[in-house]
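Examination of the molecular architecture
Given next are the chains, with one letter for each unit.
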Amino acid sequence: MSALVKLSSKLPGDEEINGLDAIADELQEETTIVALVWISPREVRRVIATGNRVPIVEIRRIEPLGEPSDLPAELVQLVLDQQAQRTGRTPLPIDQVTVPAGSVDELDDKPPAHTQRPASEPTPIREDLGSVFSDGTK
């Protein structure tokens, strides 16, 4: 969660500028939707403990564009270029969230053998660490 900027949970109420209402049914399933979003600062809060000022932005307009794989190549490249300019690093492709099929010979989801222990076997305690508590007990 960003500590520098917060997002107001308020969405525009007018269906002319809140495109999310048009895809409400689609958003009831697991999906990722790319959207163009217009934001404006709504208020600035001062954090008393740090003295920092944190802008709260609200969504002024939102237009869903579709799933990442459905986007025009030019739009995807624009997003990647903007992210690279902002971060100074080359970003992953917008639709590459998981390992592409066929790019690896075998996936092994098991942890390395040295970390596997039968559930009935207690976790060993290292004797060389000395006392754990201030009274000398372990």
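The paragraphs below set out a description of the structure included in this document. Note on numbering: residues in each chain are counted from 1, in written sequence order. Local features in a predicted model are, by the rule used here, given only for residues with pLDDT of at least 70; side-chain atom pairs are given and counted only at 80 or more, and totals for whole chains, interfaces and linings are based on all residues. Side-chain descriptors were evaluated using all non-hydrogen atoms of the structure, hydrogens and water having been removed beforehand.

1. Looking at the side chain of N18
With respect to the helices, strands and loops of the structure, N18 is situated in the loop between strand 1 (6–7) and strand 2 (34–46). Apart from the residues lying within four places of it in its own chain, the contact partners of N18 are L11, P12 and I62. By definition, any uninterrupted DSSP run of H or I lasting at least four residues is a helix, any uninterrupted run of E lasting at least two residues is a strand, and each is numbered from the N terminus. The contact criterion used is simple: two residues touch if any of their non-hydrogen atoms lie within 4.5 Å.

2. Points about the pattern of salt bridges
Counted as salt bridges are all cases of a side-chain nitrogen of Lys or Arg within 4 Å of a carboxyl oxygen of Asp or Glu. Within this structure, the stated rule accounts for 4 salt bridges. Put simply, E58 and R42 hold a salt bridge, and the shortest N to O gap is 4.0 Å. Of the two residues, E58 sits in strand 3 (residues 53–66) while R42 sits in strand 2, which places them 16 residues apart along the sequence. Exposure remark for E58: the relative accessible area of 11% places this residue in the buried category. The exposure class of R42 is partly exposed, given its relative accessible area of 44%. R61 is the partner of E63 in a salt bridge, and the nearest nitrogen-oxygen pair spans 3.8 Å. One connected set of salt bridges, linked through shared partners, spans R42, E58 and R60. Note on exposure labels: buried denotes an accessible area under 20% of the residue type's maximum, exposed denotes more than 50%, and partly exposed covers the range between, all computed with a 1.4 Å probe on protein chains only.

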